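Structure at a glance
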Amino acid sequence: MLFPLLVLATTPAEGAAAPPPVQEAVALVWGGGKDAAAAQEWRRRWDDEQKSVEVPLTLGQGFPKVLSSGSVSGMNPGFEVVILGFCKPDEGEPLRRFLKALYPFVYEKPVKVEALACPDWADGEARTVEAPSVLKARGATLTVAVASMEDKPSAPATTQLVRVVARDGKSQLLDAYTVDDDWNGSQNNGCETSVEVEAAQVVLERTCTHGVGAYCNRYPGQKSRIKVRWDGKELVAEEKTLSKWTIDIDKECAE
């Protein structure tokens, strides 16, 4: 005796959550290789380079993250990659430019993901980043990258980041020189640095002032020039004081 075959239609369980929507994004790729060992080596390189180049940023939870490229829609399968984050196409562009200037092997890939996790400046402030300057010197490539706030805030903040990075022909880090301009608007206390790139060196002119009281008409401080060059083995910074000024607090800071 034959029994009719019953086909039962399955329906989603009541109250089941819909899958998160897929979003257009940009993957910020640090590096990678054909296998997990290569990817882990790139992951360790991130930690090592941050000790020297010192970019003050915040990554999303769990990043840098090692992923199989085939698991990310839009990436070429067959690789293990280290991802710094997933950003909206127009999100975090200044910081992304800064990272790609300092780390020339970093690249972006259009992808589709369910969740975004874009890197941000550690203090959450907005900065502008101009195109980097690049010069060759005695077998090294020097890259100069500057990130600046457009306006000085009244609260204490790092208003400008200057990075000079030396790499060899294979983009291996040789050395780095860092200058941060910190500013406290309520006290007129801090520094400003201008950057000029010459044929074989980077020249920084740095002016620092020190607030001493609300009634002062001017502030003590100094101006110095720092010449950063590659000597074939390391970055050498030669600093010279151009001018220095003080005030008589009793005379100039009286009510």
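Residues numbered from 1 in each chain as written. Predicted model: local features only at pLDDT ≥ 70, side-chain atom pairs only at ≥ 80, totals over all residues. Heavy atoms only, no water.

So, on to the environment of glycine 33. Here glycine 33 shows up in strand E1 (residues 23-33). Judged by its relative accessible area of 14%, glycine 33 is buried. The spatial distance from the C-alpha of glycine 33 to the C-alpha of valine 82 is 9.1 Å, given a sequence separation of 49 residues. (Helix = DSSP H or I, 4+ residues; strand = E, 2+ residues; numbered from the N terminus. Buried < 20%, exposed > 50% of the residue type's maximum accessible area, 1.4 Å probe, protein only.)

Per the counting criterion, the structure on display carries 13 salt bridges. A salt bridge links arginine 206 to aspartate 181; the shortest N-O distance between them is 2.4 Å. Taken together, the positions of arginine 206 in strand E13 (residues 201-209) and aspartate 181 in strand E11 (residues 173-184) put the pair 25 residues apart, joining distant regions of the chain. A salt bridge links glutamate 238 to arginine 229, with the nearest nitrogen and oxygen atoms 3.1 Å apart. Through salt bridges with shared partners, a single network forms among Arg45, Glu49 and Arg167. (Salt bridge = Lys/Arg side-chain N within 4 Å of Asp/Glu carboxyl O.)

Now for the pairing of E1. For E1, the tally of buried residues reaches eight of eleven residues, placing the bulk of the element in the interior. Taken together, the seven bridges between E1 and strand E5 (residues 107-113) define a ladder with antiparallel strand orientation. Considered in E5, the bridge of alanine 25 is made with valine 111. Sheet topology note: the E1/strand E4 (residues 80-87) ladder contains seven bridges and is antiparallel. Its bridge partner lying in E4, leucine 28 is registered against glycine 85. (Pairing = 2+ DSSP bridges.)

Let us now look at the confidence of the model for the chain. Scored by pLDDT, the chain comes out at a mean of 88, with 85% of its residues at no less than 70. Predicted confidence for residues 1-10 stays below pLDDT 50, and this span has zero contacts to residues more than four positions away or in other chains. (pLDDT = per-residue confidence, 0-100. Contact = heavy atoms within 4.5 Å.)

In the structure shown here, the tally under the stated rule is two disulfides. Across the disulfide, cysteine 87 is cross-linked to cysteine 118 (sulfur-sulfur distance 2.1 Å). Disulfide cysteine 87 to cysteine 118: torsion about the S-S bond roughly 85°, handedness right-handed. On the criterion of sequence distance, the pair formed by cysteine 87 in strand E4 and cysteine 118 in the loop between E5 and strand E6 (120-121) is long-range, its members being 31 residues apart. With relative accessibility at 1%, the residue cysteine 87 sits in the buried group. Classification of cysteine 118 by relative accessible area gives buried; the value is 16%. (Disulfide = S-S within 2.5 Å.)

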